[in-house]
Amino acid sequence: MGTLLWPPPPLPPPPPSVIWVSGKRPLSKFPPGLPETRHSRGKGRSKILSSKFESFINLKPESKPESLNLDLRWLDPSTNKSCIDVIIIGAGPAGLRLAEQVSGFGIHVCCVDPSPLSIWPNNYGVWVDEFQDLGLQDCLDKTWPMTRVYIDEHKTKYLDRPYGRVSRKLLKTKLLETCAANGVQFHKAKVWKVKHQEFESLVECDDGSKLRASLIVDASGFSSTFIDYDKPRNHGYQIAHGVLAEVDHHPFDLDKMVLMDWRDSHLGNEPYIREENSRLPTFLYAMPFSSNLVFLEETSLVSRPVLSYKEVKKRMAARLRHLGIRVKRVIEDEKCLIPMGGPLPKIPQTVAAIGGTAGLVHPSTGYMVARTMLIASVLSQTILECLGSTRMIRGKQLHERVWNGLWSSERRRVREFYSFGMETLLKLDLNGTRGFFDGFFDLDPYYWHGFLSSRLSLRELGLLSLSLFGRASNTSRLDIVTKCPAPLVKMMGNIVLDTVL
């Protein structure tokens, strides 16, 4: 049964302050935003709304896990006793992209995964220009020419930068087909242990097979046990609950995706939730596909400790109820928990890494897919220099080159800056967060584009900070001055330490 809604009369919303954000567009007036609705404060109706909330969160997704029907080159461990050049653990976006890139140089690659043909479960959103630069624009199944950010009930920003949803099926198919054409072999198993000798490593799988390789690259995700750390893992966490839903209707423009909705008027009848949201805010992320099909996701940008799924779902249900969205069917649902920031893995070490387990998640935003696709190309060049030459650089020297190719001194220092951004966001309440993004999206597009896409140098990030402080409101400046010194000192200390070492 779908989510039941009380049909309250609409309140006339105040005219919002609307701003175009681009390099060229002037300030413009736009039609009023989403309609406001009124909910009774009476006890009787509160009980009704509670039951509606329960019906929404208990809807079961109808989609089932899918697998691709492709011909892959399967490795037979019983007949293949030779040493493989590179074994990649995991067949997610990071692992397959690296396999595709490395194998393109004629290097022997084997990808080990329990289900190499399964479609990935999570949705991926990217800026269209990022995938165009990678030659992957044909892997987007939907694009929106503009994105919208609701700062609060009275201010909306329109970002003149197209956004797209990645087709998991198209992207995985493309990567697998290229891997197959390049001669990549696949082994359907779960890696249990990795053992190391001077010039090669041994992978032991749950099916009893043992594979030897010159280099092991872990692309199995955040929960990996094969990567070592020499510092406490004090991550922040991004948590989200999302649904691809069929609805009666929704209030979103079909040519705009909602990147962030920080409004909290939907919590007017939920004083406890509203108080918690003021302290640890969440926002709505929405991709409208048609008038009755929409992807909706309530997200905590970053928290430490992590916000509970139950709390995120409560806020999402209250928001949809307020927006008048009646969910008829849940086609897909997803639960995302992304560690952000924290220390990098120990550099170097005998197992290489890429993707989430390598620390490639943007510490301030949670974005990773496009950057991982780009870094895979860079890392493949380093691997080529070591394993594609006649003299074969292996062992300790190989591990050092691969890790330093992944995390050069400049990339490590830039990541410290992004981690500083995360630590700052952790200290901001709802009003502080609104003020931050109000100023952030007023920056020159070169800077906010570059920040979100991890393209800026350390010097450019410094200029971004000065510009952001200059454009900030007095309240936001006070937040920065009073709440940022500790993260700033930590960032500067880590950058100096990295430079010295």
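Here, every reference points to the structure presented above.
Residues numbered from 1 in each chain as written. Predicted model: local features only at pLDDT ≥ 70, side-chain atom pairs only at ≥ 80, totals over all residues. Heavy atoms only, no water.

> I tried to follow the overall build of the chain on my own but got confused; where do I start?
Scanning the chain from terminus to terminus reveals 14 helices and 21 strands. Across the 501 residues of the chain, 54% fall into the buried class. In the chain, 77% of the contacts between residues at least 6 apart in sequence involve partners at least 24 apart. With the model as given, the accessible surface of the chain reaches about 22000 Å², and the carbon-plus-sulfur share is 55%. (Helix = DSSP H or I, 4+ residues; strand = E, 2+ residues; numbered from the N terminus. Buried < 20%, exposed > 50% of the residue type's maximum accessible area, 1.4 Å probe, protein only. Contact = heavy atoms within 4.5 Å. Areas by Shrake-Rupley, 256 points an atom, 1.4 Å probe, with all protein chains shown as cover.)

> Would you explain the side chain of R97 in this entry?
Within the secondary structure, R97 is located in helix α2 (residues 93-103). Classification of R97 by relative accessible area gives buried; the value is 6%. Separated by 3.0 Å, the side chains of R97 and E100 make a polar contact. Ignoring sequence-local partners within four residues, the contact set of R97 consists of L134, L136, L175, M373, A376 and S377. (Polar contact = N/O pair within 3.5 Å; in protein donor to acceptor, adjacent residues only side chain to side chain.)

> Help me understand the environment of T156, please; the structure alone is not making it clear to me.
Of note, T156 is situated in strand β10 (residues 155-159). In the structure, T156 is positioned 282 residues away from D438 in sequence and 9.1 Å away in space, judged by C-alpha atoms.

> How should I be thinking about the packing of helix α9 (residues 409-426) against helix α12 (residues 458-471) in this particular structure?
For any two helices packed against each other, the geometry is given by the interaxial angle and the distance between the axes. Interaxial distance between α9 and α12 falls to 9 Å at its minimum, and their mutual angle equals 20°. Judged by the inter-axis angle, α9 sits roughly parallel to α12. Here α9 runs over α12; the crossing is left-handed. Counted together, E410, R413, V414, F417 and Y418 of α9 and L458, L461, G462 and S465 of α12 form the full contact between these two elements. In terms of residue class, the contact of α9 with α12 is built from 5 nonpolar, 2 polar and 2 charged. (Axes fitted to C-alpha atoms, helices over the stretch in contact; angles between N-to-C directions. Parallel < 35°, antiparallel > 145°, perpendicular 65-115°, else oblique. Left-handed = near helix turned anticlockwise from the far one by under 90°. Nonpolar A, V, L, I, M, F, W, Y, C, P; charged D, E, K, R; others polar.)

> How should I be thinking about the nonpolar core in this particular structure?
In a soluble, globular protein the nonpolar side chains are often hidden away together inside. Grouped together as the largest cluster of nonpolar side chains are 72 residues, with contacts concentrated most on V86, I87, L98, F131, L215, I354 and I383. The next biggest cluster of nonpolar side chains, apart from the first, holds 40 residues, and it includes Y163, Y285, Y418 and L430. (Core = buried A, V, L, I, M, F, W, Y, C linked by side-chain atoms within 4.5 Å.)

> I'm lost on the sheet that holds strand β8 (residues 140-144) in this one. Help?
Neighbouring strands of a sheet are bound in pairs by backbone hydrogen bonds; such pairs are parallel or else antiparallel. Ordered in space as β7-β11-β8, the 3 strands form an open sheet in which the pairing is antiparallel. Where the open sheet ends on each side, the last strands, each with one partner, are β7 (125-127) and β8. Pairwise comparison of adjacent strand axes, ignoring direction, gives a mean angle of 30° for this sheet. With 3 bridges connecting them, β7 and strand β11 (residues 163-166) associate as antiparallel partners. Along β11, the bridge assignment pairs W127 with Y163. (Pairing = 2+ DSSP bridges.)

> Teacher, can you tell me more about the pattern of salt bridges here?
Where charged atoms from two side chains of opposite charge come close, those side chains can pair. Inspection of the entire model under this criterion finds 31 salt bridges. Among the salt bridges present, the one from K157 reaches D442, with a minimum N-O distance of 2.9 Å. Placement of the pair is K157 in strand β10 and D442 in the loop between α10 (430-440) and α11 (445-452), with a sequence separation of 285 residues. Given the relative accessible area of 0%, K157 is considered buried. Take D442: its relative accessible area is 31%, and that puts it in the partly exposed class. For E276, the salt bridge identified is with R279, shortest N-O distance 2.9 Å. With a gap of 3 residues between them, E276 and R279 both fall in helix α5 (residues 271-279), about one helical turn apart. You can call R279 partly exposed: its relative accessible area is 49%. (Salt bridge = Lys/Arg side-chain N within 4 Å of Asp/Glu carboxyl O.)

> Help me understand the state of the cysteines in this model?
The bond known as a disulfide is covalent and runs between the sulfur atoms of two cysteines. Evaluation of the coordinates by the stated rule reveals 0 disulfides. Lacking any disulfide linkage, C111 is separated from the closest cysteine sulfur, that of C179, by 7.0 Å. Taking relative accessible area as the criterion, C179 reaches 0% and is therefore assigned buried. (Disulfide = S-S within 2.5 Å.)

> I tried to follow unusual backbone geometry on my own but got confused; where do I start?
Only a minority of non-glycine residues have a phi that is not negative, and only a minority of peptide bonds are not trans. With an omega of 5°, the peptide bond between R304 and P305 qualifies as cis. On the secondary structure map, P305 appears in the loop between β19 (293-303) and α6 (309-323). At the junction of I347 and P348, the peptide bond is cis and its omega measures out at -5° in the coordinates. With respect to the helices, strands and loops of the structure, P348 is situated in the loop between β20 (327-340) and β21 (352-353). Unusually for a residue other than glycine, S454 sits at a positive phi of about 55°. Mapped onto the secondary structure, S454 falls in the loop between α11 and α12.

> Sorry if this is basic, but what is going on with the packing of aromatic side chains here?
Given two aromatic rings, one states the distance between the centres and the angle between the planes to describe the pair. Inspection of the entire model under this criterion finds 18 aromatic pairs. On the numbers, 6.5 Å between centres and 90° between planes, the contact of Y285 with F295 is edge-to-face. You can see Y285 sitting in strand β18 (residues 283-290) and its partner F295 sitting in strand β19, a full 10 residues away along the chain. The residues Y285 and F295 share a single accessibility class, namely buried. (Phe/Tyr/Trp six-rings, centres within 6.5 Å; stacked < 30°, edge-to-face > 60°.)

> Sorry, what's going on with the environment of V378 here?
Inspection of the secondary structure puts V378 in helix α7 (residues 369-387). Take V378: its relative accessible area is 30%, and that puts it in the partly exposed class. Through-space distance from the C-alpha of V378 to that of L98 is 9.5 Å; in sequence the pair is 280 residues apart. Beyond its immediate stretch of four places on either side in the chain, V378 contacts G405 and R411.

> Quick question: what am I supposed to make of the side chain of S167 here?
Here S167 is to be found in the loop between β11 and α4 (168-181). A distance of 3.1 Å separates a polar side-chain atom of S167 from the backbone nitrogen of L170. Apart from the residues within four sequence positions on either side, S167 is in contact with C139, L140 and D141.

Nothing here speaks to function; it is all geometry.
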